[in-house]
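# Understanding the architecture of this molecule
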Amino acid sequence: MTVTTRIAMRSDITHIAQWNVAMAWETEHKALDPAVLDRGVTAVFDEPRRGFYLVAERAGAPVGCLLVTYEWSDWRAGDFWWIQSVYVVESARRDGVFRQLYHDAQQRAKDAGAVGLRLYVETENERAQRIYAGLGMARCHYYMYEAEFAGGS
């Protein structure tokens, strides 16, 4: 079946939130707070400067999504687009859903004058790493560090 992509709409918030819960559990065995997640997903629609979601559909039914956020690079005087919150429903995996989402994000980034695409992946998620490499992405030489603040949710 043909996979199509589109910019997400507010009516997709429930699916996106549910998929984020599933993705966090599948990849990190992390249980997300649904109320916080709902606020987080909704905030993207409320403030477009945060980014946007793409939704993939197969036969008119939503089967996956990703979030694009922006990072300014002073070195390149342009934005990197970060791909985050990637999820494809199990029944649609290996059908090119992520590939279609990626190509859509890539074209939109080029059209908008972005300087590149970035994403991060769990170190043990070798399958995803192979998929990203197969799309022409290369592992960069940076480590990612973070400091979480209590009450940030």
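Here is a short report on the structure shown in this document. The residue numbering used here restarts from 1 in each chain and proceeds along that chain's sequence as written. Totals for whole chains, interfaces and linings use all residues, but because this is a predicted model, local features are given only for residues with pLDDT of at least 70 and pairs of side-chain atoms are given and counted only at 80 or more. As a rule here, side-chain values cover all heavy atoms of the structure and leave hydrogens and water aside.

## Here's the deal with the sheet that holds strand β4 (residues 78-88)
For sheets, the rule is that strands pair by backbone hydrogen bonds, running either parallel or antiparallel. Across the sheet, which stays open at both edges, the five strands sit in the order β1-β2-β3-β4-β5 with mixed pairing between neighbours. Each edge of the open sheet carries a strand with a single partner, namely β1 (3-7) and β5 (116-119). The mean inter-strand angle of the sheet, taken between neighbouring strand axes irrespective of direction, is 30°. Pairing analysis gives nine bridges linking strand β3 (residues 61-73) to β4, with the strands arranged antiparallel. Across the sheet, residue Cys 65 finds its bridge partner in β4, namely Tyr 87. Working rule for contacts: check all heavy atoms of both residues, and any pair within 4.5 Å makes them a contact. Axes here mean lines fitted to C-alpha atoms, for a helix over just the part in contact, with angles spanning 0 to 180 degrees between N-to-C directions. Secondary structure follows DSSP: runs of H or I at least 4 residues long count as helices, runs of E at least 2 residues long count as strands, and numbering of each begins at the N terminus. Across the sheet, helix α1 (residues 13-28) lies against β2 (52-58), β3 and β4, angled at about 80° from β4, the strand it touches most. Strands are labelled as partners when DSSP assigns at least two bridges between them.

## What to know about the nonpolar core
Remark: nonpolar core denotes a set of buried residues (Ala, Val, Leu, Ile, Met, Phe, Trp, Tyr, Cys) joined through side-chain atoms within 4.5 Å. Only protein chains enter the accessibility calculation, which uses a 1.4 Å probe. A residue is then buried if its area is under 20% of the maximum for its type, exposed if over 50%, and partly exposed in between. Counting 40 residues, the largest nonpolar core has Tyr 53 and Val 97 as its most contacted members. For this core, the secondary structure elements donating two or more residues are α1, α2 (34-46), β2, β3, β4, α3 (97-112), β5 and α4 (126-134). Take this core: its biggest share by element is six residues, from α3. Filtering out sequence-adjacent residues up to four positions away, Tyr 53 remains in contact with Arg 6, Ile 7, Ala 8, Ile 16, Val 41, Val 44, Phe 45, Leu 66 and Leu 67.

By themselves, these figures tell us nothing about what the structure is for.
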